[in-house]
Amino acid sequence: MKACIQGPNRRQGLFVVFHGILPTIFESQILIHVQEMRSFGIDMEVWVFPLSRASFAASALRRAELEQKYGVPIRLFQGVRLRWPFAEILNALRLARALSKSAVRPEFIHARTDYSTLVCGLVRVFRRFELIWDCRGDAVAEIGMSKQATGMLARFVRFSKMRVIAGYRAAARRFSTKAIFVSEPLRDRCLPNSDHRPV
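Source: prediction; values computed, not measured. (Residues numbered from 1 in each chain as written. Predicted model: local features only at pLDDT ≥ 70, side-chain atom pairs only at ≥ 80, totals over all residues. Heavy atoms only, no water.)

## Quick look at helix 1 (residues 25-39)
Okay, so step 1: In this model, helix 1 (15 residues) spans 21 Å end to end at C-alpha, consistent with the 21 Å of a helix rising 1.5 Å per residue.
Okay, so step 2: Leu 31 marks the point of greatest bend in helix 1, at about 30°.
Okay, so step 3: Tucked inside the fold, the buried residues of helix 1 contact strand 1 (11-17), strand 2 (42-48), helix 2 (53-70), strand 3 (74-76) and strand 4 (108-112). (Helix = DSSP H or I, 4+ residues; strand = E, 2+ residues; numbered from the N terminus. Expected span 1.5 Å × (residues − 1). Bend = angle between axes of the 7 residues up to and from the residue. Contact = heavy atoms within 4.5 Å.)

Set out below in structure tokens:
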């Protein structure tokens, strides 16, 4: 693994995800990006919070190989499943505890997905850092357009999921200081016209 970048002008950052080390996506959308950031003089790590024990175990099996391949430090922490009561708060507490025990003092956190941005935003209430919302898609629309059973119960479940995910997005929009979108139409749907934050 490459050594951490040294020097008085070194900036520290984190890339935080609340899912396990997923095949292909983790490398193409996260590790390559962080590798490039480190090449530009930014001391950046990836912090992964798998949301189940099985996902944590699978991620642990791949961590060393990926660290060696990309020269990017990867830390694993057990996260809490989304369906648990107060999961957002519990995951925020776990992130806050990990930060308090680490020597890393990030100037910014790059949070992948609306949910990760929400959790990091809760921590940002007590710690100072720039929060970058990495929005990868319109999950609300995807659920609304998905082909599912059309019974009353199924419609209620789908509507409930859409409301929860819309809440994640609203919180990400409120807590983040910067935002990244994969397309301009997605940006226009996620940000109101009056929101001029840097992207």
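Now that the structure is up, let's keep going.
## Quick look at the packing of aromatic side chains
The description of an aromatic ring pair uses the distance of the two centres, along with the angle that the planes make with each other.
Okay, so step 1: Counted under the stated rule, the structure contains five aromatic pairs.
Okay, so step 2: Plain terms: the ring middles of Phe 18 and Tyr 115 are 6.1 Å apart, the flat faces sit at 85° to each other, and that makes the pair edge-to-face. On the criterion of sequence distance, the pair formed by Phe 18 in the loop between strand 1 and helix 1 and Tyr 115 in helix 4 (residues 114-124) is long-range, its members being 97 residues apart. Of the two residues examined, Phe 18 and Tyr 115, each falls in the buried class.
Okay, so step 3: Between the aromatic rings of Trp 47 and Phe 77, the centroid separation amounts to 5.0 Å while the plane-to-plane angle is 50°, which identifies the pairing as tilted. Here Phe 77 lies in the loop between strand 3 and helix 3 (87-101) and Trp 47 lies in strand 2, a separation of 30 residues in the sequence.
Okay, so step 4: Three or more aromatic residues joined by ring pairs make a cluster, and in this case those are Phe 18, Trp 47, Phe 49, Phe 77, Tyr 115 and Tyr 168. (Phe/Tyr/Trp six-rings, centres within 6.5 Å; stacked < 30°, edge-to-face > 60°. Buried < 20%, exposed > 50% of the residue type's maximum accessible area, 1.4 Å probe, protein only.)

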